[in-house]
Amino acid sequence: MSELIRSYIGETATFFNYLVLYYAIGICASYVILALISAFAMANYKKRNSFVDYRSILSSKFAPSVSLIAPAYNESMTIVDNVRSLLTLHYNNCEVIIVNDGSKDNTMQLLIEAYELEKVDYVLNEQVATKPVRGIYKAKNPAHHKLVVVDKENGGKADALNVGINVSVNKLIACIDVDCVLEPDSLLKLVKPFKEEERKVIATGGVIRIANSCEVEDGRLIRVHVPDKFIARVQVLEYFRAFLMGRMAWAHLDGLLLISGAFGMFDKETVIRAGGYNHNTVGEDMELLVRMRRLMYEEKMPCKVAFIPDPLCWTEAPQTWDILKRQRNRWTRGTAETLMLHRKMILNKRYGILGLVSLPLWVLFEWLAPLIEFFGMIFFVLSAILGFANWPFFFSFLALIYSFAIMNSLFAILSFSKSILTNSTSDLNTC
Amino acid sequence: MDRLYKLQDHFADIPETVEIILLVSLFFLSVAFGLFLVILLSRLKDGWKYRRSRWMGKKSQQLITAYMFDDEWPRERTIRFRVKKLNNGFNRQVFLESLISLSQNLIGESAERLSVLYEELGLHQHSKYKLYSNSWDVIAKGICELAEMGMQQDLDLIRSFINHSHPILRSEAQVALIRLEKDAPFAFLNQLSEPLLGWQQMQLARAAHKAHLENLPAFEQWLSNEEETIVVFCLRMIVQYAQHNAVPKLLELLDHPSAELRREVLVAIRQLEAFEATEKLLEIYSHETPENKMEILKTLPAITLEDNFAFYERVLLESDRNLQLAAARAMIKSGGKGKAILSGIKDDLQHALHSVAAFALDPRI
């Protein structure tokens with residue numbers, strides 16, 4: 001190899017080294033800033049919440065009504081218990097809508113038998129277009145008067161949620177995954193921001209926790225354990241980082257782009273005006289929120305998306321590499337599709353902090369990160385084979401990233417331990 | 001020694017960038033270690049606080065029980081407790097929480113006795129001192145304590161916070177006034193310059209309910225307030241306390257420019273079963289927003305037994321599915337005649353409104 005080519009490759013390698021270094025510095029800096037903001041927001045939330053008595057919502061005639069929408073597809077193993085758990089949530093004005101999305105197993109049959117359902121002549125006000133509905137069922141037993149079960153043709157989660165929106169009669173809708181376990185007071189906590197803000201609140205979300213290895217009885221979480229499997233354990237930490245440091249900070253900055261599809265509450269009127277859930281993306285939760293926020297910006301209506309740093313919902317995390325890979329593939333594609341669909345907002349000052357900060361950072365550090373990491377690895381292997389690898393740089397860079405990850409994770413653990421509310425000295429035993 | 005020199009030379013050869021990266025990594029590791037220590041210490045501290053609060057809670061309960069039920073309880077022992085046990089903020093807070101939680105479940109003489117103990121132990125001064133803090137949450141806590149212990153002498157100080165810029169602090173001040181100002185618990189509504197948020201309204205309504213107020217004001221006096229949220233709150237309180245005298249004012253409010261406020265008025269009319277509103281509702285229906293039309297259709301059968309079937313049948317012909325359903329339900333609620341009309345429609349499978357009638361007639365939905 002001629003000297004000229006060697007020097008050319010060497011310079012290119014150095015250039016890439018620095019490019020990756022600056023990128024890493026950018027990511028680390030953004031994480032540090034978000035961590036500091038979330039710490040501030042968390043302290044603020046704790047202070048504010050120490051004056052809250054959620055019983056005042058429970059007993060108040062002024063409390064808004066909520067429709068809980070849970071799509072179900074092939075959930076025969078757990079559906080009966082999960083619905084029972086939803087029916088026993090602490091909230092007075094609440095209807096529970098289960099949408100059977102054309103399950104191939106006996107989900108529907110089990111529901112009919114367990115809750116003594118019978119078909120009713122329901123007039124559907126189709127505000128969002130959906131696949132055909134086969135039938136709507138109500139319970140004969142008045143004890144289950146809150147329950148509405150919709151049987152429809154298979155159309156995916158987004159379509160099932162849209163059917164739920166059409167069936168719902170209340171102004172607030174809470175969309176959940178039916179296999180999630182909710183905290184009994186989760187609805188009370190999600191409703192509160194809708195009543196306490198001067199600006200219109202269009203959505204609220206909370207912390208999702210991992211339920212692997214936890215003890216669940218009759219759809220209620222009894223005892224929390226650390227997951228047995230390593231993959232699930234790693235995700236516990238990842239969820240702390242994502243929810244307590246990421247989303248908490250973005251909500252404080254008014255730049256939150258995602259309310260987890262596992263559990264979130266929305267202003268129905270805004271959802272309908274935005275067109276409901278998008279059937280054509282695998283990231284329907286993120287896409288809906290971005291579209292709702294976009295609509296509000298375009299109509300020049302000030303709005304807020306609130307985030308509650310309390311654990312409200314527990315979900316099973318993937319326990320095998322294969323399922324994890326599929327989940328992450330879906331999330332990455334969902335992010336990419338949403339960013340593509342709303343690319344007009346990126347770096348557009350009309351969309352405020354969303355257009356100027358949130359979306360560009362998502363493009364840089366969420367969408368591009370896997371690509372950069374992948375090409376970085378290829379580049380390093382090639383450099384090593386061709387003898388251009390800068391080993392001191394490699395090891396020092398590895399040390400930098402690893403030490404930062406340790407610091408960031410410890411900060412997440414600290415955030416978690418501080419997020420547990422102690423309203424009074426007698427609550428200290430909950431820590 | 002040679003090896004050491006070689007190592008030193010080796011590090012001297014490291015490029016500057018790598019050196020900086022290593023230093024930053026070292027910094028990150030030091031911070032991580034610091035965070036680890038903080039987590040460890042905060043857990044130890046929480047454990048200590050828990051044990052301490054249990055111990056103090058027990059001591060507090062012993063004192064309170066003795067004070068309440070021992071007629072010959074010497075005052076010196078109270079003072080000794082104050083000097084020995086309540087000498088730091090943590091213990092005082094635990095004691096206060098025990099006192100407040102007991103006080104919430106007591107009324108009359110027993111509650112008054114607890115208030116005396118609160119004053120004798122000098123806790124009143126500590127709570128009052130909090131009201132001079134720069135931090136809104138400390139002030140709010142102080143206000144809560146004063147209200148819980150029924151300290152009416154501090155009303156003026158508490159009143160100065162009802163328009164504070166922090167919504168929670170002003171809410172706590174307003175709740176405290178409802179509890180303490182027995183003669184005119186809602187007089188502060190006249191002085192409000194900040195809106196009453198939905199959450200605050202819930203807190204105030206709950207405080208009023210819990211306080212078992214004897215001198216409830218006529219909430220209609222605030223129905224002409226410029227602040228819309230105060231009007232909404234008063235409408236809800238009018239309903240809660242069934243103040244039927246306010247109905248004429250409610251009828252006037254049906255001409256208010258705000259559609260949302262008019263909706264609240266319609267809800268109030270329905271819940272008060274104010275039949276006087278029938279004519280007005282029929283009159284305004286055509287100019288109303290779709291949401292308010294729905295409210296009118298819900299309200300009419302609740303307030304009147306008059307025959308409005310011609311009106312409902314006209315609405316049934318409108319294209320809005322929600323309004324059709326509301327009209328059908330109104331017909332059913334209006335009595336046997338409405339049911340008969342809808343049953344006829346339901347039985348006619350060819351009728352355009354067959355499904356609407358079937359839906360409305362189904363008692364399960």
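Residues numbered from 1 in each chain as written. Chains lettered and ligands numbered in written order. Predicted model: local features only at pLDDT ≥ 70, side-chain atom pairs only at ≥ 80, totals over all residues. Heavy atoms only, no water.

Caption draft 1: Structural view of the sheet that holds strand S6 (residues 172–176) of chain A. All names here are of chain A. Taken in spatial order, the 10 strands make up an open sheet running S3-S4-S5-S2-S1-S6-S11-S8-S12-S7, and their pairing is mixed. Looking at the sheet topology across the chains shown, the edges are occupied by strand S3 (117–120) and strand S7 (181–182). In the sheet, S3 pairs with strand S4 (residues 133–139) via 4 bridges, with the strands oriented antiparallel. Counted as the bridge partner of Lys119 is Tyr137 from S4. Sitting on the sheet, helix H7 (residues 230–252) is in contact with strand S8 (200–210) and strand S12 (303–315), with an inclination near 160° to S8. (Pairing = 2+ DSSP bridges. Helix = DSSP H or I, 4+ residues; strand = E, 2+ residues; numbered from the N terminus. Contact = heavy atoms within 4.5 Å. Axes fitted to C-alpha atoms, helices over the stretch in contact; angles between N-to-C directions.)

Caption draft 2: The packing of aromatic side chains, seen in detail. In the structure shown here, the tally under the stated rule is 30 aromatic pairs over all chains. Ring centres of Trp391 of chain A and Phe394 of chain A lie 5.7 Å apart, and the angle between their planes is 85°; on these two criteria the pair is classed as edge-to-face. One end of the pair, Trp391 of chain A, and the other, Phe394 of chain A, are both in helix H12 (residues 391–419), 3 residues apart, so they sit about a helical turn from each other. Relative accessible area serves as the criterion here: at 41%, Trp391 of chain A is assigned to the partly exposed category. Summarising the aromatic geometry, the rings of Phe81 of chain B and Phe95 of chain B are spaced 5.5 Å apart at their centres and angled 50° between planes, so their arrangement reads as tilted. Here the residue Phe81 of chain B occupies a position in helix H3 (residues 75–84), and Phe95 of chain B occupies one in helix H4 (residues 89–103), the gap between them amounting to 14 residues. The class of Phe95 of chain B is buried, set by a relative accessible area of 0%. Site record: aromatic cluster; members linked through ring pairs are Phe186, Phe188, Phe219, Trp222 and Phe233 of chain B. (Phe/Tyr/Trp six-rings, centres within 6.5 Å; stacked < 30°, edge-to-face > 60°. Buried < 20%, exposed > 50% of the residue type's maximum accessible area, 1.4 Å probe, protein only.)

Caption draft 3: Local environment of the confidence of the model for chain A. Predicted confidence across chain A gives a mean pLDDT of 90, with 97% of residues reaching 70 or more. Note on residues 423–431 of chain A: pLDDT is under 50 here. Beyond four places in sequence and across chains, it has 23 contacts. (pLDDT = per-residue confidence, 0-100.)

Caption draft 4: Region of the structure containing empty space enclosed by the protein. For the structure on display, the rule yields 2 cavities of 30 Å³ or more. Roughly 120 Å³ of volume is contained in the largest cavity. Residue lining of the largest cavity: 13 residues in total, with Glu196 of chain A together with Pro167, Ile168, Ser171 and Trp199 of chain B positioned closest to the centre. Breaking the lining of the largest cavity down by element, the ones donating at least two residues are helix H6 (186–196) of chain A together with helix H9 (167–180) and helix H10 (198–210) of chain B. Considering every element that reaches the lining of the largest cavity, the biggest residue donor is H9 of chain B, with 4 residues. Among the residues forming the lining of the largest cavity, the class breakdown is 6 nonpolar, 3 polar and 4 charged. Of the volumes computed, that of the second largest cavity is approximately 30 Å³. (1 Å grid on protein atoms, 1.4 Å probe; cavity = no way out; pocket = protein on both sides within 12 Å on 5 of 7 lines; lining within 4 Å. Points joined across faces, edges and corners; volume = space filled by probe spheres on them. Nonpolar A, V, L, I, M, F, W, Y, C, P; charged D, E, K, R; others polar.)

Caption draft 5: View of the interface of chain A and chain B. Counting from both sides, the interface comprises 51 residues of chain A and, opposite them, 58 residues of chain B. Interface area for chain A against chain B, summed over the two sides, is near 4800 Å², with a carbon-plus-sulfur share of 70%. Run the count over chain A and chain B and you get 2 salt bridges. Of the charged contacts, one joins Asp137 of chain B and Lys47 of chain A as a salt bridge, the two residues approaching to 3.7 Å between their closest N and O atoms. The interface formed by chain A and chain B includes 6 residue pairs in polar contact (both at pLDDT 80 or more). Among the secondary structure elements, those contributing two or more residues to the side of chain A that touches chain B are helix H1 (3–49), helix H2 (55–58), S3, H6 and H12 of chain A. Ranked by residue count, the leading element in the side of chain A that touches chain B is H12 of chain A, at 16 residues. Its residues placed into classes, the side of chain A that touches chain B shows 25 nonpolar, 11 polar and 15 charged. (Buried area = accessible area lost by both parts, 1.4 Å probe. Salt bridge = Lys/Arg side-chain N within 4 Å of Asp/Glu carboxyl O. Polar contact = N/O pair within 3.5 Å; in protein donor to acceptor, adjacent residues only side chain to side chain.)

Caption draft 6: Spatial organisation of the pattern of salt bridges. Taken as a whole, this structure holds 34 salt bridges over all chains when the rule is applied. Where Lys128 of chain B meets Asp154 of chain B, a salt bridge forms, and the shortest distance between an N and an O atom there is 3.6 Å. Here Asp154 of chain B lies in the loop between helix H7 (136–148) and helix H8 (155–159) and Lys128 of chain B lies in helix H6 (residues 123–130), a separation of 26 residues in the sequence. Its relative accessible area of 24% is what places Lys128 of chain B among the partly exposed residues. Judged by relative accessible area, which is 2%, Asp154 of chain B ranks as buried. Look at the salt bridges and you will find they share partners, linking Lys200, Asp267, Glu269, Arg273 and Glu299 of chain A into a network.

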